[in-house]
Amino acid sequence: MVVREIPAKYYFPIEKDSFREKLKKIKVVYTDVDSTLLGPRASIFSSPHGGYTLKAAESLVKALERGLDVTLVSGRSSHQ
């Protein structure tokens, strides 16, 4: 595995407390369905490395428990 350091020009100087306050303002989460939320075989429970996982489903539940609206989107056209 190759690990590269991120150049300093890509760092954003932000304090943790300030960042947390900004995160509290988020009301809606938009997530792409294909290949982002859904794994292989178009299943929310499929792991990208084979096998099964609950990670995506647990993330959706956590977002909903925190009062966020979750909107599923897709880049596919209606003909696909």
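What this report covers is the structure whose coordinates are included nearby. (Residues numbered from 1 in each chain as written. Predicted model: local features only at pLDDT ≥ 70, side-chain atom pairs only at ≥ 80, totals over all residues. Heavy atoms only, no water.)

Scanning the chain from N- to C-terminus turns up 3 helices and 2 strands. The 80 residues of the chain split such that 12% are buried. Considering only contacts in the chain between residues 6 or more positions apart, those separated by 24 or more positions represent 46%. Here the chain displays about 7500 Å² of accessible surface, and carbon together with sulfur accounts for 57% of that area. (Helix = DSSP H or I, 4+ residues; strand = E, 2+ residues; numbered from the N terminus. Buried < 20%, exposed > 50% of the residue type's maximum accessible area, 1.4 Å probe, protein only. Contact = heavy atoms within 4.5 Å. Areas by Shrake-Rupley, 256 points an atom, 1.4 Å probe, with all protein chains shown as cover.)

Each α-helix winds once per 3.6 residues, and so residues spaced three or four apart point in a common direction. Among all positions of helix H3 (residues 55-65), only Ala56, Ala57 and Ala63 are buried. Buried residues of H3 fall within an arc of 125° about the axis and therefore sit on the same side. Those residues of H3 that are exposed and aimed more than 90 degrees away from the buried face are Lys55 and Glu65. Looking one or two residues beyond H3, the residue adopting positive phi is glycine 67, at roughly 85°. (Arc of directions from axis to C-beta.)

Glancing now at a nonpolar patch on the surface. A cluster of nonpolar side chains, contributed by Phe19, Leu23 and Ile26, occupies part of the molecular surface with about 260 Å² of accessible area. For leucine 23, the position within the fold is in helix H1 (residues 16-24). (Patch = residues over 30% accessible without salt bridge, like charges linked within 9 Å, V, L, I, M, F, W, Y side chains within 5 Å. Salt bridge = Lys/Arg side-chain N within 4 Å of Asp/Glu carboxyl O.)

Here we take up the environment of serine 35. Mapped onto the elements of the fold, serine 35 is located in helix H2 (residues 33-37). Residue classification places serine 35 among the exposed residues on the basis of a relative accessible area of 71%. Taking the C-alpha atoms as reference points, serine 35 and serine 74, separated by 39 residues in sequence, lie 10.0 Å from one another.

Turning our attention to the pattern of salt bridges. One side chain can pair with another of opposite charge once the charged atoms of both are near each other. Per the counting criterion, the structure on display carries 1 salt bridge. The partner of glutamate 21 in a salt bridge is lysine 24, and the shortest N-O contact between them spans 3.2 Å. Of this pair, glutamate 21 and lysine 24 both sit in helix H1, 3 residues apart, which is roughly one turn of that helix. Judged by relative accessible area, lysine 24 falls into the exposed class, the value being 57%.

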